[in-house]
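A look at the structure
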Amino acid sequence: MLFRSQLILPIVFFVIFLLLYLVFHSISEALVLIFPTIYAMSGGLLLQWLLKYNFSVAVAVGYIALFGIAVETGVVMVVYLHEALERRRQSGRPLTNQDVEDAAIEGAVYRLRPKLMTVCAVLASLVPILWESGVGSDVMKPIAAPIVGGMITSTIHVLILIPVFFVMMKERALKRQL
C-alpha cells in the first residue's frame, strides 16, 4: 500500500494542479490553491498518527474526500477575492496596493461564515464517529480521522494564508504594470 501511495499521491497532486491551472490560467494561483491540500494532509497525518491508524484503503478514501473539500474551499475563497478586487477595478481609477489589501479583507470576510459553517458541519458529522465503537466503526474511523484533522489545518490556510498570498501576487502584478 505504501508503494502505491508514493506513486499515486504525486499523480493526484499533479492532476489537481493541472485542473486548477485550467480554471484560473495562472500557475501562481494554482500553486496557492494546491497548498490547502498540503496543509490538509498535514493535519490528517497528525490525527492519523495520534490515533495510531495505519495507511489503508479506508484512510486513502478519507484523504481523497479531504483533498476535495480543501481545494473546493480554497477555490471559492479565491473567487470571492477576485470578485472584491473586480468591484474596485470597476471604479475606473487605477488600482493601488491599498485597494488590493481592502479587496482581500472584504473577500475573506464574506467567505468567513460559509467556510466556518462548512468546517463545523463536517466536524459535527465526523467527530462522533471517532468515539463510536459499534458495528462498522472499525471501517469508518480510519475514513473520518484524516478528514477531521485536515479540516482544522486547511481552515487555517484558507482563511488566513490564501488572502495573504493573494495580496502578495496581486501587488507584485501591480508593480510589473508600472
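Below is a summary of the structure that appears in this document. (Residues numbered from 1 in each chain as written. Predicted model: local features only at pLDDT ≥ 70, side-chain atom pairs only at ≥ 80, totals over all residues. Heavy atoms only, no water.)

1. Considering helix α2 (residues 27-50)
Here α2 spans 35 Å end to end across 24 residues, near enough to the 34 Å set by a 1.5 Å rise per residue. Positive phi appears at Lys-52, one or two residues downstream of α2, with a value of about 60°. (Helix = DSSP H or I, 4+ residues; strand = E, 2+ residues; numbered from the N terminus. Expected span 1.5 Å × (residues − 1).)

2. Focus: the nonpolar core
Ranked by internal contacts, the top residues of the largest apolar core, which has 46 residues, are Met-77, Leu-126, Ile-147 and Ile-162. Listing elements by their share of this core, those giving two or more residues are α1 (2-24), α2, α3 (57-89), α4 (97-131) and α5 (137-177). For this core, the leading source of residues is α5, giving 13 residues. The contacts of Ile-147, once residues within four sequence positions are left out, are Gly-62, Ala-65, Leu-66, Val-122 and Leu-126. (Core = buried A, V, L, I, M, F, W, Y, C linked by side-chain atoms within 4.5 Å. Buried < 20%, exposed > 50% of the residue type's maximum accessible area, 1.4 Å probe, protein only. Contact = heavy atoms within 4.5 Å.)

3. Notes on α4
Taking 1.5 Å as the rise per residue, α4 with 35 residues should run 51 Å; its terminal C-alpha atoms sit 48 Å apart, in good agreement. The largest bend in α4 is about 35°, located at Leu-112, with the proline Pro-114 one to four residues further on. (Bend = angle between axes of the 7 residues up to and from the residue.)

4. Remarks on the pattern of salt bridges
Pairing is possible between side chains that carry opposite charge, provided their charged atoms lie close to one another. Under the criterion given, the structure shown has 5 salt bridges. A salt bridge links Arg-87 to Glu-106, with the shortest nitrogen-to-oxygen separation between them at 2.5 Å. On the criterion of sequence distance, the pair formed by Arg-87 in helix α3 and Glu-106 in helix α4 is long-range, its members being 19 residues apart. Through salt bridges with shared partners, one network takes in Arg-87, Arg-88 and Glu-106. (Salt bridge = Lys/Arg side-chain N within 4 Å of Asp/Glu carboxyl O.)

5. Regarding the side chain of Gln-48
Examined against the element boundaries, Gln-48 turns out to sit in helix α2. In this structure Gln-48 comes out as buried when scored by relative accessible area, which is 3%. Contact partners of Gln-48, with chain neighbours within four places excluded, come to Tyr-53, Asn-54, Phe-55, Val-59 and Tyr-63.

6. Here we look at the packing of aromatic side chains
Under the criterion given, the structure shown has 3 aromatic pairs. Ring centres of Phe-13 and Phe-67 lie 5.4 Å apart, and the angle between their planes is 40°; this geometry places the pair in the tilted category. Taken as a pair, Phe-13 in helix α1 and Phe-67 in helix α3 lie far apart in primary sequence, 54 residues in all. Here Tyr-63 and Phe-67 contribute two aromatic rings whose centre-to-centre distance is 6.1 Å and whose plane-to-plane angle is 45°, an arrangement assigned as tilted. (Phe/Tyr/Trp six-rings, centres within 6.5 Å; stacked < 30°, edge-to-face > 60°.)

7. Points about the packing of α2 against α5
Closest axis-to-axis distance for the α2/α5 pair is 7 Å, and the angle between their directions is 155°. It follows from the interaxial angle that α2 and α5 lie roughly antiparallel. Between α2 and α5 the crossing geometry is right-handed. Considered class by class, the residues forming the contact of α2 with α5 number 15 nonpolar, 9 polar and 2 charged. (Axes fitted to C-alpha atoms, helices over the stretch in contact; angles between N-to-C directions. Parallel < 35°, antiparallel > 145°, perpendicular 65-115°, else oblique. Left-handed = near helix turned anticlockwise from the far one by under 90°. Nonpolar A, V, L, I, M, F, W, Y, C, P; charged D, E, K, R; others polar.)

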